[in-house]
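Spelled out, the chains give:
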Amino acid sequence: MNINLKNHQKFETRHNGPDDAQIAEMLKVIGVGSVDELIDQTVPSSIRLKKDPLLPTAKDEYSFINEFKELAQKNKIFRSFIGLGYYNCIIPPVILRNILENPGWYTAYTPYQAEIAQGRLEALVNFQTMVMELTGMEIANASLLDEGTAAAEAMSMLAGLRKGGKKKADKFFVDKNVFPQTLGILKTRAIPVGIDLVIGDASQVDLSDPELYGLLIQYPDSNGSINDHTAFIQKAAENQVFVAVAADLLSLTLLTPPGEMGADVVVGTTQRLGVPMGFGGPHAAYFATREAYKRQIPGRIIGVSVDKFGKKAYRMALQTREQHIRREKATSNICTAQVLLAVIAGMYAVYHGPQGLKDIASRIYGLTKLLDQGIRSLGFKQHNEVFFDTLKVELESEINVAKVKEIAQTKEINFRYFDTNQIGISLDETTTVEDVHDILSVLTLATGKSLNGFDLQKNADNITLDLPAELTRKSSYLTHPIFNTHHSEHEMLRYIKKLENKDLSLVHSMISLGSCTMKLNATSEMIPVTWPELGNIHPFAPADQTQGYSEMFEQTEAWLNAITGFSGTSLQPNSGAQGEFAGLMVIKAYHESRGEANRNITLIPSSAHGTNPASAVMAGTQVVIVNCDERGNIDVEDLKNKAEQHKDNLAALMVTYPSTHGVFEESIIEICKIIHDNGGQVYMDGANMNAQVGLTSPANIGADVCHLNLHKTFCIPHGGGGPGMGPICVAEHLEPFLPGSPIVQMAEDQAITAISAAPWGSASIIAISYAYMAMMGGVGLKNATKMAILNANYIKSCLEQYFPILYTGTNGRCAHEMIVDCREFKKEGVEVEDIAKRLMDFGFHAPTVSFPVAGTLMIEPTESETKEELDRFCEALIEIRKEIQEIQDGSADKENNVLKNAPHVPELGLSGDWTYPYSREKAFYPLPFVKDNKFWPASSRIDSAYGDRNLMCACIPIENYMEEVEA
């Protein structure tokens, strides 16, 4: 036998689940002779690509990792003292290895199925508690995308709270010393919804202005200066003016929290709490406010409820506030947040505890004070009378600034450089006395000045904490035992593992959530994310230090352009919903450039995801809903009538393709032409792009812009509810309008203002999608699409004799997902929720429940699952169908049955008396395969209504656990 010495294992065979033998068996069940025959029956020939996209030849995993390491090393890791909301920090190794690098945490989905998500829900409650107590506020959400977005959400929420004489007020004041990247997002978000954004000196603002409804200040401000805002906030309240404060969370261990000053909202980032800078992200922002505003707060809130036995349990609270319920009435389009990063930040607080956090903050303050003493001994003016970690230094001349910059670069040090003759220096958790020495040496070498006898070490030994009394925190924080117990690594390790074991993720079984694409997140894709060459880079570092990132972005954009058929890409949007908003704002700018600013109507099919109408409203357009026909397709006649009716003002159509009903609509080209003929642009939602790659493309169907969910199609893990990435790809005529940055020069003159705080959004995780495309190659990516369609149609063929399949294409095929109709069981008292909960007893997460059609399950298996796993899932659903039949036949009680009582927790099996009218085995081990790998739900069915009526969003008081034990 000849040996092929060039043969390497294809990554494609690791990523795609079915092998050749399994494919043959599946095709037989489906009733086709080949995969290509199935694709021909599924994807309309009119939209098929005539030639393959220009994509790379696949690399094997070993070669890729080595080559990518070389690329990453083109990034230069300088000591960063730039600040501006991004700081070096130390991620405790126990958190790094056991959360950030652990698929048990990063492959979980948003915790909609709370009974199998109690671990990360508890971790998020820890995060919320940390935020509430450090800020001095009454309620906090479970993270937002970045600080700038959180500030914009505050502006929007406070606008929604206007009443009385301020009901029509439209002015929102922003202090000139907020972070510039925050200001950029505020500009983007204010204009389309008619908010008059005023920027100036907060100390000079006229609080009695009847048009002023709110304002934003930074604490400490972007220069590092700290002021007591108590009297200012009180005066604002007297004039019915809301105050939002963007605060550094770590500094609040030392400083009087904004809540105690009377703030209405406090926002910021938790990046410096153990999350690498990552050239801009991802990081978890926070949002805290008054409990009175709990129904207006954006994003997810985790609350405490009880299960059916009265045991305390966590779940997502007040979901009726969210965009998927309120749709065009929503004030926010937030969907994906930053759960994984919020978990890390919360665990950082758990591990260090209140004293540990205060010690870190005190050391940063002390080093900054030491640096301030050294700078003053050099004779420089330092502008900040009161500071925490940042100094603003006057250097007297441009020559001095240039010299400082030159010498700092030789010592691999980055400062912040102002347009004036000033520099900013921000210290952090990693700073040492030696770093202070090096900073002072740069200043002495650049200016020729002497330290005038300043003894660095002697002064370092005599640093005291002496903030002004009115700015010194006196209140306690993080007093709950959870923050005061796990300070040894063993205790922390066991706590992390205890929570992880409560959650079902892709390490346990397939997660077939429709429209979510829970595919493999390969280890080789994840490894680079925690490399220092990617993690320890400041988003505003000079371009010559970020060549590795630049090359990765350039290649990623080129590949995404090839896949979509478009000519330009922006990687800035850091979630799918932000991609929607960015795409619509680009369309808006395009119309305005043509003198057609009047175009403000967005057509949206009734089947669309709730973020679509929410994003359209945020972009300043009016939503007109287009009907769908009985087959789930867009009603073309209704679309045509509405497009013609609004032709003078038509801005865009938002369309998901394949549709949210899991079908390739045959009329998509006609639909796009109707919109274009009436002056509009076509925005394609990329949620279902996993059924397109390599077979068709957004450009090929006639779209003008699309967003891509890198956390779906391109393998970024869902992280339990984030991070995500939603870059947009555009046709050539829209390219000049792609978003820019207020700090980094990256776009054309016609660019819209920033969508995300960082120029390239959550830059570090783009590496995951880059790795996926590089290792799959063009052929592998196309084959992945084929396997996704194959797996979906195999499940459909297995289930359709037991359950109605709601929508199919012309040839009876589904795309990459299908909708199973469970509404007929309602007359037997069986709800779709009962099926979802019963699946937990089989070890499976439910498919998407009641979207896009109430009373249904939407199943998307992805290409990464093997036939064996698909069979187990189908067997589970078929067994559940038999259990429903028992109710229909009268052999099982309508109320007391395995579905209504699901999920079954281990405590039930251990109890002495078994009072249910079915066996323990039926409850816990309904099929033989379950015994081999049983996943135990941590909670029985949770009472959502109780949790909303008795809202509690902080750590459960220890007395409650004592009460449960006594009971």
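A quick note: this is a predicted structure, and the numbers were derived from the prediction, not measured.

A.B. asks: Summarise the overall build of the protein chain; cite the residues concerned and give the values.
C.D. replies: When you go through the protein chain residue by residue, the secondary structure sums to 33 helices and 26 strands. Compactness check: the protein chain gives a C-alpha radius of gyration of 28 Å against a globular reference of 30 Å for 967 residues, within 12% of the reference. Summarising its shape, the C-alpha atoms of the protein chain cover approximately 90 × 80 × 70 Å along the three principal directions. Going through the 967 residues of the protein chain one by one, you find that 64% of them count as buried. A sequence separation of at least 24 residues applies to 77% of the contacts in the protein chain between residues at least 6 apart. For the protein chain, the computed accessible surface area is about 34,100 Å², with 48% contributed by carbon and sulfur atoms. Each charge class in the protein chain was averaged separately, 86 positive and 118 negative side chains, and the resulting centres sit 2 Å apart.

A.B. asks: How would you summarise the environment of Glu557 if you had to cite specific residues and measurements?
C.D. replies: Inspection of the secondary structure assignment puts Glu557 in helix H20 (residues 547-564). Residue Glu557 is classed as partly exposed on the basis of its relative accessible area of 22%. A C-alpha to C-alpha distance of 9.8 Å links Glu557 and Ile728, two positions 171 residues apart in sequence. Leaving out residues up to four positions away in the same chain, Glu557 has contacts with Thr569 and Leu571.

A.B. asks: Mind laying out the environment of Ser919, listing which residues take part and the relevant values?
C.D. replies: With respect to the secondary-structure elements, Ser919 resides in the loop between helix H29 (906-910) and helix H30 (920-924). Polar contacts involving the side chain of Ser919 include one to the main-chain amide nitrogen of Lys922, which spans 3.0 Å.

A.B. asks: Provide a residue-level description of the sheet that holds strand E10 (residues 312-317), including the pertinent values.
C.D. replies: Judged by pairing direction, the sheet is antiparallel, and its 3 strands sit side by side in the order E10-E9-E26 without closing on themselves. In the strand order of this sheet, the two ends are held by E10 and strand E26 (942-943), each with one partner. Direction of pairing for strand E9 (residues 301-307) relative to E26: antiparallel, over a ladder of 2 bridges. Bridging from a neighbouring strand, Asp307 pairs with Ile942 of E26. Against the sheet, helix H7 (residues 118-135) touches E9, E10 and E26, its axis set at about 75° to E10.

A.B. asks: Quick rundown of the sheet that holds strand E12 (residues 390-394)? Include the residues and the values.
C.D. replies: Overall, antiparallel pairing links the 4 strands, which are arranged E11-E12-E15-E14 in an open sheet. The open sheet has two edge strands, strand E11 (381-382) and strand E14 (416-417), and neither has a second partner. Inspection of the sheet shows E14 paired to strand E15 (residues 422-426) by 2 bridges, in the antiparallel sense. Bridge assignment links Tyr417 to a residue of E15, and that residue is Ile423. The strands that helix H13 (residues 339-377) touches are E11, E12 and E15; relative to E12, the one it contacts most, it runs at about 10°.

A.B. asks: Tell me about a nonpolar patch on the surface, and please be specific about residues and values.
C.D. replies: Taken together, Met1, Ile3 and Leu5 make up a surface patch of nonpolar side chains, about 490 Å² in accessible area. You can see Ile3 is positioned in the segment before helix H1 (11-15).

A.B. asks: An account of the UniProt feature "modified residue: N6-(pyridoxal phosphate)lysine" (unreviewed entry) in the protein chain is requested, with residue identities and associated values reported.
C.D. replies: The residues that UniProt annotates with the feature "modified residue: N6-(pyridoxal phosphate)lysine" (unreviewed entry) are Lys712. Within the element layout of this structure, Lys712 appears in the loop between strand E21 (705-707) and strand E22 (728-730). When residues no more than four places from it in sequence are discounted, the contact partners of Lys712 are Ser515, Cys516, Thr517, Lys519, Ala687 and His718. In this structure the side chain of Lys712 is engaged in a polar contact, spanning 2.6 Å, whose partner is the backbone oxygen of Ser515.

A.B. asks: An account of the pairing of strand E7 (residues 265-269) is requested, with residue identities and associated values reported.
C.D. replies: For E7, a buried count of 5 out of 5 residues is recorded, marking the element as mostly surrounded by other parts of the structure. Bridge analysis of strand E6 (residues 242-247) against E7 gives 3 bridges, and the strand direction is parallel. Residue pairing for E7: Ala244 is matched across the bridge by Val265. For E7 and strand E8 (residues 285-289), the ladder comprises 5 bridges, and the chain directions are antiparallel. Bridge pairing in E8 places Thr269 opposite Ala285.

A.B. asks: Give a description of the side chain of Thr602 that names residues and reports values.
C.D. replies: Here Thr602 is to be found in strand E17 (residues 601-605). Separated by 2.9 Å, the side chains of Thr602 and Thr621 make a polar contact. What Thr602 contacts, discounting residues up to four positions off in sequence, is Ala616, Thr621, Gln622, Val623, Val624, Ala652 and Met654.

A.B. asks: Please give an account of the pattern of salt bridges that cites residues and values.
C.D. replies: In the structure shown here, the tally under the stated rule is 41 salt bridges. As a salt-bridge pair, Lys519 and Glu863 come within 2.7 Å of each other at their nearest N and O atoms. With Lys519 in the loop between helix H17 (489-500) and helix H18 (523-526) and Glu863 in the loop between strand E25 (856-859) and helix H28 (867-889), the pair connects residues that are 344 residues apart, well separated along the chain. One salt bridge in this structure joins Arg823 and Asp821, with 2.9 Å as the shortest N-O distance. A single network of salt bridges, built from pairs that share partners, joins Glu25, Lys867 and Asp871.

A.B. asks: So what about the nonpolar core? Which residues, and what values?
C.D. replies: Side chains that are nonpolar tend, in soluble globular proteins, to be buried together. Counting 298 residues, the largest nonpolar core has Ile95, Met130, Met347, Phe415, Ile425, Leu603 and Ile835 as its most contacted members. If one sorts the elements of this core by residue count, H13 sits on top with 21 residues. In contact with Met347, other than residues within four places in its own chain, are Ile95, Ile99, Trp105, Ala123, Met492, Tyr495, Ile496 and Leu499.

A.B. asks: I'd like to hear about helix H26 (residues 766-799), residue by residue, with values.
C.D. replies: Taking 1.5 Å of rise per residue, 34 residues should cover 50 Å, yet H26 covers just 37 Å from first to last C-alpha, more than 12% shy of that figure. The largest bend in H26 amounts to roughly 100° and is located at Gly777. Counting buried residues in H26 gives 30 out of 34 residues, a clear majority hidden from the surface.

A.B. asks: Just give me the short version of the packing of aromatic side chains, but keep the residues and values in it.
C.D. replies: Summed over the entire model, instances satisfying the criterion amount to 29 aromatic pairs. Between the aromatic rings of Phe279 and Phe553, the centroid separation amounts to 6.1 Å while the plane-to-plane angle is 15°, which identifies the pairing as stacked. Note that Phe279 is positioned in the loop between E7 and E8 and Phe553 in helix H20, a separation of 274 residues in sequence. As far as the burial class goes, Phe279 and Phe553 line up, both buried. Arranged with centres 6.0 Å apart and planes meeting at 80°, the rings of Phe803 and Phe825 form a pair that is edge-to-face. Taken together, the positions of Phe803 in the loop between H26 and strand E23 (818-821) and Phe825 in the loop between E23 and helix H27 (832-841) put the pair 22 residues apart, joining distant regions of the chain. Look at Phe803 and you get buried, because its relative accessible area is 2%. Classification of Phe825 as buried rests on a relative accessible area of 0%. Aromatic ring contacts, followed pair by pair, group Trp914, Tyr916, Tyr918, Phe924, Tyr925 and Trp936 into a single cluster. Sitting over the face of the ring of Trp531, Lys69 holds its NZ or CZ atom 4.3 Å from the ring centroid. Seen from the ring of Tyr925, Lys934 lies directly overhead, with NZ or CZ sitting 6.0 Å from the centre.

A.B. asks: Describe helix H14 (residues 398-410), listing the residues and the values that go with them.
C.D. replies: The terminal C-alpha atoms of H14 lie 19 Å apart, and with 13 residues this matches the ideal 18 Å at 1.5 Å per residue to within 8%. Buried within H14 we find Asn400, Val401, Val404, Ile407 and Ala408. Along the long axis of H14, the arc covered by the buried residues comes to 135°, so they all point the same way. Residues Glu398, Ile399 and Thr410 are exposed on H14 and point more than 90 degrees away from its buried face.

A.B. asks: With reference to specific residues and values, describe the environment of Ile65.
C.D. replies: You can see Ile65 is positioned in helix H4 (residues 61-72). The spacing of Ile65 and Ala771 is 706 residues in sequence and 8.6 Å in space, taken between C-alpha atoms. For Ile65, the residues in contact, after removing those within four places along its chain, are Ser524, Ile527, Pro528 and Trp531.

A.B. asks: Kindly report on the state of the cysteines, identifying the contributing residues and their values.
C.D. replies: Counted under the stated rule, the structure contains 0 disulfides. Lacking any disulfide linkage, Cys628 is separated from the closest cysteine sulfur, that of Cys672, by 15 Å. With relative accessibility at 21%, the residue Cys628 sits in the partly exposed group. No disulfide involves Cys706; its sulfur sits 4.8 Å from the nearest other cysteine sulfur, which is in Cys729.

What counts and what doesn't
- Residues numbered from 1 in each chain as written.
- Predicted model: local features only at pLDDT ≥ 70, side-chain atom pairs only at ≥ 80, totals over all residues.
- Heavy atoms only, no water.
- Helix = DSSP H or I, 4+ residues; strand = E, 2+ residues; numbered from the N terminus.
- Rg over C-alpha atoms; globule rule 2.2 N^0.38 Å.
- Buried < 20%, exposed > 50% of the residue type's maximum accessible area, 1.4 Å probe, protein only.
- Contact = heavy atoms within 4.5 Å.
- Areas by Shrake-Rupley, 256 points an atom, 1.4 Å probe, with all protein chains shown as cover.
- Lys, Arg positive; Asp, Glu negative; His and termini not counted.
- Charge placed at Lys NZ, Arg CZ, Asp CG, Glu CD.
- Polar contact = N/O pair within 3.5 Å; in protein donor to acceptor, adjacent residues only side chain to side chain.
- Pairing = 2+ DSSP bridges.
- Axes fitted to C-alpha atoms, helices over the stretch in contact; angles between N-to-C directions.
- Patch = residues over 30% accessible without salt bridge, like charges linked within 9 Å, V, L, I, M, F, W, Y side chains within 5 Å.
- Salt bridge = Lys/Arg side-chain N within 4 Å of Asp/Glu carboxyl O.
- UniProt positions renumbered as here; feature names shortened; annotations may be inferred.
- Core = buried A, V, L, I, M, F, W, Y, C linked by side-chain atoms within 4.5 Å.
- Expected span 1.5 Å × (residues − 1).
- Bend = angle between axes of the 7 residues up to and from the residue.
- Phe/Tyr/Trp six-rings, centres within 6.5 Å; stacked < 30°, edge-to-face > 60°.
- Lys NZ or Arg CZ within 6 Å of the ring centre and 35° of its normal.
- Arc of directions from axis to C-beta.
- Disulfide = S-S within 2.5 Å.

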